[in-house]
Amino acid sequence: MRLLQSLTRGLEALDFLAASREPVRLTDVAEALGVDKSNASHLMKTLVAAGYASQDSSRRYQPTDKIARAAASSHSLIDIVSVKEAWRPVLEQLVAKTGECAHMAVLVGNRVWYIDKIDSSLPLKVDHPIGALAPLYCTALGKAFLAFGNAQVEGPFPSFTPRTLTTRRALDDEIARTRARGYSIDNEEFAPGIRCVARPVYDQHGRMIAAIGVSGPSVRITDERLAELGRIVTSVSIPASQKGPLHEHQPD
């Protein structure tokens, strides 16, 4: 197998930093890796630029906690499958209570990925197929991750409909309102004629692992109905028989 030498060197440099008890000099890195100072400098600048290392006032290097933070905030496929199975009855409960479609999504990069759904029995309904990806800033499921999880999104924010929030100020204000009310809203921001509400789902450590929501056509979901759906979505809880390693956690 052909290895990328530059990547290998970078990983070796990162291992060296992690094993060092104190910040190290550039000459220490060059000596440990068996490279000249110029190559060592390029390696360290790359690690600093990527956020894996930092340089103090004495020009010494040390590792950051970026890898640890990434590990702490991520979930395995087993976690995702477990939460999907545990919350399936809740999606069924939402459809029974609202008559609208219910969905579940997880965070994938800067988008949400639909992993489960239960359709409405009504002839006019919303269809977000399992496996579909959607933006964070203009969907209820996505805004749930922005408000209650650790997701972040950078502009620009392209407009999908006349109601799409396309500025950072408008999005930040909406995220603040979302946290205050306890659920997120898509008010025809991603697709004309479709309104949605969503709420977070947490694991046993209080980390957001998924979002669940309800979607329907705006001809049925008036402003009053939208608020009612928000209350329903936030009030449902996982059945006791389904509680396991992944469970519901209400935000403070």
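S.K.: How do you make sense of the packing of aromatic side chains when you look at a structure like this?
M.R.: For any pair of aromatic rings, geometry is given as the distance between the ring centres together with the angle between the planes. On inspection of all chains with the given rule, the structure shows 3 aromatic pairs. Ring centres of tyrosine 137 and phenylalanine 157 lie 5.2 Å apart, and the angle between their planes is 55°; on these two criteria the pair is classed as tilted. In this pair, tyrosine 137 sits in the loop between β5 (133-135) and α6 (140-148) while phenylalanine 157 sits in the loop between α6 and α7 (168-181), placing the two residues 20 residues apart along the sequence. Accessibility expressed as a relative area gives 6% for tyrosine 137, which makes it buried.

S.K.: Sorry, what's going on with the environment of valine 108 here?
M.R.: Residue position: valine 108 is located in strand β3 (residues 101-108). Residue valine 108 is classed as partly exposed on the basis of its relative accessible area, which comes to 39%. Expressed as a C-alpha distance, the spacing of valine 108 and leucine 133, which sit 25 residues apart in the sequence, is 8.5 Å.

S.K.: Whenever I open this one, the confidence of the model for the protein chain confuses me. Can you help?
M.R.: When pLDDT is low, close inspection of the predicted coordinates is not appropriate. On average, residues of the protein chain carry a pLDDT of 86, and 88% of them reach 70 or more. Taking the mean pLDDT of every element in the protein chain, the minimum, 57, falls on helix α4 (residues 66-73) and the maximum, 97, on strand β6 (residues 184-187). Residue range residues 244-252 is modelled with pLDDT below 50. Its contacts to residues more than four positions away, or to other chains, number 23 contacts.

S.K.: It is not clear to me how the environment of leucine 124 should be interpreted in this structure. Could you clarify?
M.R.: Within the secondary structure, leucine 124 is located in the loop between β4 (111-118) and β5. The exposure class of leucine 124 is partly exposed, given its relative accessible area of 47%. Along the chain, leucine 124 and glycine 216 lie 92 residues apart, while their C-alpha atoms are 8.3 Å from each other. Among all residues touching leucine 124, those that are not within four sequence positions of it are Pro217, Val219 and Arg220.

Calculation rules
Residues numbered from 1 in each chain as written. Predicted model: local features only at pLDDT ≥ 70, side-chain atom pairs only at ≥ 80, totals over all residues. Heavy atoms only, no water. Phe/Tyr/Trp six-rings, centres within 6.5 Å; stacked < 30°, edge-to-face > 60°. Helix = DSSP H or I, 4+ residues; strand = E, 2+ residues; numbered from the N terminus. Buried < 20%, exposed > 50% of the residue type's maximum accessible area, 1.4 Å probe, protein only. pLDDT = per-residue confidence, 0-100. Contact = heavy atoms within 4.5 Å.

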